[in-house]
Amino acid sequence: MKKGIKLFIFICLSIFFVNMKAQELKSPNGNLILNFAIQGDGVPTYSLNYKGKEVIKPSKLGLELKDNSNSPTDFSDFSIKHVEADNEDKVSLLNGFEISDTKTSTFDENWNPVWGEVKQIRNHYNELAVTLNQKSTNRHILIRFRLFDDGLGFRYEFPEQKNLVYFVIKEERTQFAMAGDHKAFWIPGDYDTQEYDYTTSKLSEIRGLMNKAITPNSSQTPFSTTGVQTALMMKTDDGLYINLHEAALINYSCMHLNLDDKDMIFESWLTPDAQGNKGYMQAPCNTPWRTVIISDDARDVLASHITLNLNEPCKIEDTSWIKPVKYIGVWWEMITGKSTWAYTDDLYSVQLGVTDYSKTKPNGKHAANTAHVKSYIDFAALHGFDGVLIEGWNVGWEDWFGNSKDYVFDFVTPYPDFDVKELNAYAKSKGIKLIMHHETSSSVNNYERHMDKAYQFMVDNGYNSVKSGYVGNIIPRGEHHYGQTIVNHYQYALEKAADYKIMINAHEAVRPTGVCRTYPNLIGNESARGTEYQAFGGNNPNHVTILPFTRLIGGPMDYTPGIFQMDVSKYNPDNHSHVNSTLANQLALYVTMYSPLQMAADLPETYNQYLDAFQFIKDVAIDWDESKILEAEPGEFITIARKAKGSNNWFVGSVCDENGRTSNISFEYLNPTKTYIATIYSDAKDAHYKTNPQAYNIRKVVVTNKSKLSQFCAPAGGYAISIVEADKAQTKGLKKL
């Protein structure tokens with residue numbers, strides 16, 4: 001009897017200790033299974049399966065710390081301390097752990113974004129919170145996993161405790177062990193830019209293709225022959241789609257991924273500061289979420305809201321001033337070289353407050369002048385736009401780049417030919433808002449010194465949105481665009497802007513990670529290779545079929561579509577770039593490249609030549625109640641239908657790669673009791689992005705929820721559709737689809 005009791009106790013204890021070493025978590029629908037375990041030497045690991053298929057093989061978790069044990073602990077301690085050569089915490093937070101507690105929970109809510117692709121977002125996940133104790137140091141960390149139906153988010157949390165208060169991260173060692181040599185859509189890992197064309201290859205081929213993939217940029221710091229950036233999109237040989245990224249990047253360095261291409265293991269690689277350190281932490285604190293989106297249907301990746309759901313709810317109490325914006329701008333003419341940002345060609349050196357512009361000769365090409373801007377305002381008002389962006393309005397552009405110049409702009413002093421008050425009064429009389437431009441030339445210290453004054457200047461003169469820019473190497477010198485210090489600067493600028501009720505569109509900043517949920521005045525980012533590169537030699541024809549799977553996973557992009565003149569030499573005979581797109585493809589981007597901030601980027605005089613096609617840009621919504629991903633394959637094609645906010649109108653956009661295709665869609669999402677007129681803007685049969693990009697057709701047909709469409713798409717082409725409710729009288733004489 002006693003032996004039986006002892007055996008029973010032994011079995012119970014064995015089960016208890018096994019459970020304390022291994023934990024399983026399932027997604028709400030049961031398709032995803034996460035396993036957490038402590039392996040040899042107390043190393044935390046996790047793995048992830050989807051519908052019985054291995055997605056992430058057992059992968060290590062942890063952080064490598066720098067040794068700060070020799071730092072003074074008292075202000076009056078001036079003694080010389082011995083410093084280890086590698087300055088490494090000999091224990092770090094890599095191993096020696098045991099599970100001290102686990103908690104599971106379920107969360108399910110619906111929340112309404114201020115603006116977005118849908119009116120309401122469901123946030124539904126199962127959670128596992130594992131508390132680990134490092135016995136040798138008596139330090140505690142918590143790893144929190146949230147498993148959604150479409151993927152995983154996890155992060156490290158550092159509770160308040162005696163033995164882990166201030167610490168410096170040498171490297172985060174989070175692994176993502178792939179189950180095969182997957183097809184990947186990647187750009188080079190870089191501490192300062194994401195403005196690269198995407199390369200499509202097997203993981204094993206990254207090393208051999210890296211040199212070709214790294215193309216020149218105004219500021220760039222590649223770090224490894226196998227380093228890539230997130231969001232990283234992959235496809236397995238058996239048809240799984242896997243996306244790796246991060247969410248809620250706050251007070252931390254941007255994460256890249258470095259590939260061990262022998263074992264196919266990605267490991268996190270943080271952006272360093274000027275000293276080479278990768279993070280300064282003070283407990284209690286946490287890292288950003290590391291995200292894995294998985295599906296056997298590429299459409300689910302585009303429909304995922306994991307990134308937003310892992311961010312905190314909106315912290316702005318009154319959001320009534322935050323509005324989506326459709327705009328034109330004094331911009332493309334400078335990008336192409338037709339006009340200039342600079343007022344004069346006489347100056348080689350500018351000292352703000354000293355240089356006297358009244359003594360210089362205007363170059364005659366300065367676009368941001370009062371008369372010219374008024375013509376843009378007139379065009380915007382005539383065609384129902386919300387705003388006009390003006391770049392090059394402020395003094396300093398003659399000497400703004402490439403010299404590591406600290407005091408480069410003051411953000412409040414206009415050129416002699418730009419009348420701030422007259423233009424804002426004129427815009428107001430036309431129902432148009434002017435959009436401010438703050439190019440910082442990456443002189444972050446200078447921008448912060450002037451920020452309050454610059455924002456107040458905007459408020460005083462009727463501006464409520466600003467496009468900020470960070471071209472060139474960062475000042476403070478040695479810092480990087482994606483390091484913790486500069487990430488904190490972007491956040492500071494965003495929160496400060498909210499105090500002034502200003503919306504932000506940040507260019508060259510760190511790529512977004514869903515922070516727009518918390519601060520929805522972040523209505524746009526660039527942080528990728530945008531349309532401007534079409535005037536710098538061109539983008540790959542399939543670029544816009546990849547970006548929604550990569551860059552847009554973190555948030556909307558100010559891609560600046562709407563180019564109708566593909567031959568850039570028509571604007572500037574010295575610029576022989578070609579826009580690698582058809583005109584119909586450009587229209588489709590207003591639907592496929594989601595943003596609450598949408599620009600019609602081409603020149604007014606060009607739009608006047610194509611007013612029938614321009615009508616779609618005028619009509620298309622920029623805020624949505626519903627979004628339906630109809631077709632999707634990364635690098636090949638995307639077709640999306642969206643229902644306008646507070647309206648029964650739908651819009652469809654479809655884009656494809658350089659091979660062209662036939663798109664086949666249905667309209668089953670339409671109200672079954674309604675009849676609609678669909679206006680289809682499509683490639684002509686002889687359209688081609690290189691040889692005949694402006695060939696398009698426009699036709700009107702009657703559609704219902706039973707209708708189907710088979711539509712030709714030219715190489716790098718596509719189509720756009722506006723769908724509006726109609727009665728019998730309106731549909732008379734129209735063909736039914």
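Up top is the structure these notes are about.
Every residue gets a number counted from 1 within its own chain, in the order that chain's sequence is written. Local features are withheld for residues below a pLDDT of 70 in this predicted model, meaning they are given only at 70 or higher, and side-chain atom pairs are given and counted only at 80 or more; totals for whole chains, interfaces and linings count all residues. Computation of side-chain values covers all heavy atoms of the structure but excludes hydrogens and water.

Q: In this structure, what is going on with the overall build of the protein chain? I would like to understand it.
A: Along its length, the protein chain carries 14 helices and 36 strands. Against the 2.2 N^0.38 benchmark of 27 Å for 737 residues, the protein chain shows a C-alpha radius of gyration of 27 Å, consistent with a compact globule. Projected onto its principal axes, the C-alpha coordinates of the protein chain cover approximately 95 × 70 × 50 Å. Accessibility throughout is a Shrake-Rupley quantity obtained with a 1.4 Å probe, and a residue counts as covered only by protein chains that appear here. Surface exposure of the protein chain reaches about 29,000 Å², of which carbon and sulfur atoms provide 50%. Just so you know, the count uses Lys and Arg for positive and Asp and Glu for negative, and it drops His and the chain ends. Charge coordinates come from a single atom per side chain, which is NZ of Lys, CZ of Arg, CG of Asp or CD of Glu. In the protein chain, which carries 73 positive and 87 negative side-chain charges, the distance between the mean positions of the two groups comes to 6 Å. Working definition: helices are DSSP H or I runs of at least four residues, strands are E runs of at least two. Numbering for both runs from the N terminus. As a reference, a globule follows 2.2 Å times the number of residues to the power 0.38, and the radius of gyration itself is taken over C-alpha atoms.

Q: Would you mind showing me how to read the environment of Thr 319 here?
A: Here Thr 319 shows up in the loop between α4 (306-309) and β22 (325-330). Separated by 13 residues in sequence, Thr 319 and Trp 332 have C-alpha atoms that sit 31 Å apart. Residue contacts follow a heavy-atom distance rule, with two residues in contact if any of their heavy atoms lie within 4.5 Å. Those residues in contact with Thr 319, other than ones at most four positions away along the chain, are Val 114, Cys 314 and Pro 520.

Q: Looking at this structure, how should I read the packing of aromatic side chains?
A: When we look at a pair of aromatic rings, we describe it by the centre distance and by the angle of the planes. Each pair of aromatic rings taken from Phe, Tyr and Trp, with Trp reduced to its six-membered ring, is defined by centres within 6.5 Å and is described as stacked if the planes are under 30 degrees apart, edge-to-face if over 60, and tilted in the remaining cases. In this structure the tally under the stated criterion is 38 aromatic pairs. Aromatic pair Phe 107 and Tyr 125: ring centres 5.3 Å apart, planes at 20 degrees, arrangement stacked. Highlighted residues: Phe 107 in strand β6 (residues 97-111) and Tyr 125 in strand β7 (residues 121-134), separated in sequence by 18 residues. Only protein chains enter the area calculation, which uses a 1.4 Å probe; residues under 20% of their type maximum are buried, those over 50% are exposed, and those in between are partly exposed. With a relative accessible area of 31%, Phe 107 lands in the partly exposed category. Judged by its relative accessible area of 6%, Tyr 125 is buried.

Q: So what exactly am I meant to see when it comes to the packing of helix α8 (residues 444-460) against helix α9 (residues 484-499) here?
A: For any two helices packed against each other, the geometry is given by the interaxial angle and the distance between the axes. Axis lines are fitted to C-alpha atoms, over the contacting stretch for helices. Their N-to-C directions set the angle, which ranges from 0 to 180 degrees. Put simply, α8 and α9 touch, their axes get as near as 11 Å, and they point 5 degrees apart. Between α8 and α9, the angle falls in the class roughly parallel. Within the contact between the two elements, α8 uses Val 444, Tyr 447, Glu 448, Met 451, Asp 452 and Tyr 455 and α9 uses Ile 486, His 489, Tyr 492, Ala 493, Lys 496 and Ala 497. Amino acids are sorted into nonpolar (Ala, Val, Leu, Ile, Met, Phe, Trp, Tyr, Cys and Pro), charged (Asp, Glu, Lys and Arg) and polar (every other residue, Gly among them). Of the residues contributing to the contact of α8 with α9, the split by class is 8 nonpolar, 1 polar and 3 charged. Should an angle fall under 35 degrees it is called roughly parallel, over 145 degrees roughly antiparallel, and 65 to 115 degrees roughly perpendicular, with every other angle called oblique.

Q: Would you take a moment to explain the sheet that holds strand β26 (residues 503-507) for this structure?
A: Paired through their backbone hydrogen bonds, the strands of a sheet run either parallel or antiparallel. Any two strands between which DSSP finds at least two bridges are classified as paired. Across the sheet, which stays open at both edges, the 7 strands sit in the order β27-β26-β25-β24-β23-β22-β28 with parallel pairing between neighbours. The sheet terminates laterally at β27 (522-525) and β28 (597-599), the two strands that pair on one side only. On average, each strand axis in the sheet is inclined to that of its neighbour by 25 degrees, with strand direction left out of account. With 5 bridges joining them, strand β25 (residues 465-469) and β26 adopt parallel strand pairing. By the bridge assignment for β26, Val 466 is matched with Ile 504.

Q: Just checking my understanding: could you explain the pairing of strand β4 (residues 53-60) for this structure?
A: Within a regular strand, side chains alternate between the sheet's two faces. Examined bridge by bridge, strand β3 (residues 43-50) and β4 share 5 bridges and lie antiparallel to one another. Across the sheet, Leu 48 pairs through a bridge with Ile 56, a residue of β4. The hairpin formed by β3 and β4 contains 2 residues between the paired strands, and Lys 51 there has a positive phi angle of roughly 50 degrees. Relative to strand β11 (residues 175-178), β4 is paired through 2 bridges, and the arrangement is antiparallel. Within β11, the position partnered with Lys 57 by the bridge is Ala 177.

Q: What am I meant to see in the pattern of salt bridges here?
A: Once their charged atoms are close, side chains differing in charge can pair, the charge on each being opposite to the other. By definition, a salt bridge exists where a carboxyl oxygen of Asp or Glu is found within 4 Å of a side-chain nitrogen of Lys or Arg. Summed over all chains, the structure comprises 34 salt bridges. Between Asp 108 and Arg 122 there is a salt bridge, with the nearest N and O atoms lying 2.7 Å from each other. Separated by 14 residues along the polypeptide, Asp 108 in strand β6 and Arg 122 in strand β7 bring together distant segments of the chain. Looking at Asp 108, the relative accessible area reads 43%, which means it is partly exposed. Measuring nitrogen to oxygen at the nearest pair gives 3.6 Å for the salt bridge that ties Lys 430 to Asp 378. In this pair, Lys 430 sits in the loop between α7 (420-429) and β24 (433-439) while Asp 378 sits in helix α6 (residues 370-382), placing the two residues 52 residues apart along the sequence. Through salt bridges with shared partners, one network takes in Glu 127, Arg 144, Arg 146, Arg 155 and Glu 157.

Q: I'm lost on the environment of Thr 230 in this one. Help?
A: Turning to its location among the elements, Thr 230 is positioned in the loop between β14 (227-229) and β15 (232-235). Judged by its relative accessible area of 2%, Thr 230 falls in the buried class. As a C-alpha pair, Thr 230 and Lys 618 span 388 residues in sequence and 34 Å in three-dimensional space. The residues touching Thr 230, leaving out its near neighbours within four places in the chain, are Gln 194, Leu 244, His 245, Met 255, Leu 257 and Arg 511. Nitrogen and oxygen atoms within 3.5 Å of one another constitute a polar contact, given that in protein one can donate a hydrogen and the other can accept it, and given that sequence-neighbouring residues count only through two side-chain atoms. Side-chain polar atoms of Thr 230 contact the side chain of His 245, separated by 3.0 Å. At a separation of 2.6 Å, a polar atom in the side chain of Thr 230 contacts the side chain of Arg 511.

Q: Any chance you could explain the nonpolar core here in plain terms?
A: As a rule of thumb, nonpolar side chains are buried together in soluble globular proteins. In these notes, a set of buried Ala, Val, Leu, Ile, Met, Phe, Trp, Tyr and Cys residues joined through side-chain atoms within 4.5 Å is what counts as a nonpolar core. Residues Phe 36, Phe 145, Phe 158, Phe 176, Leu 244, Phe 266 and Tyr 455 are the most contacted members of the largest nonpolar core, which totals 200 residues. Of all hydrophobic cores here, the second largest spans 20 residues; its members include Ile 665, Ala 678, Leu 709 and Cys 713.

Q: Looking at this model, I keep getting lost on the packing of α6 against α7. Mind explaining?
A: With their axes 10 Å apart at the nearest point, α6 and α7 run at an angle of 15 degrees to one another. On the basis of the axis angle, α6 is roughly parallel to α7. Between α6 and α7 lies a crossing whose hand is right-handed. Taken together, the residues of α7 that come into contact with α6 (itself represented by Thr 370, Val 373, Lys 374, Ile 377 and Asp 378) are Glu 422, Leu 423, Tyr 426 and Ala 427. Within the contact of α6 with α7, the residues separate by chemical class into 5 nonpolar, 1 polar and 3 charged. Helix crossings fall into two classes, left-handed where the near helix is turned counterclockwise from the far one by less than a right angle and right-handed where it is turned clockwise.

Q: Mind showing me how you'd approach the pairing of β22 here?
A: Counting buried positions along β22 yields 6 of 6 residues, so the element is predominantly enclosed. On β22, burial covers both faces: Val 325, Tyr 327 and Gly 329 on one face and Lys 326, Ile 328 and Val 330 on the other are all buried. Summarising the sheet, β22 and β28 pair through 3 bridges and their orientation is parallel. Within β28, the position partnered with Lys 326 by the bridge is Gln 598. When β22 meets strand β23 (residues 387-390), the two strands line up parallel, connected through 4 bridges. For Gly 329, the partnering residue across the bridge sits in β23 and is Leu 389.

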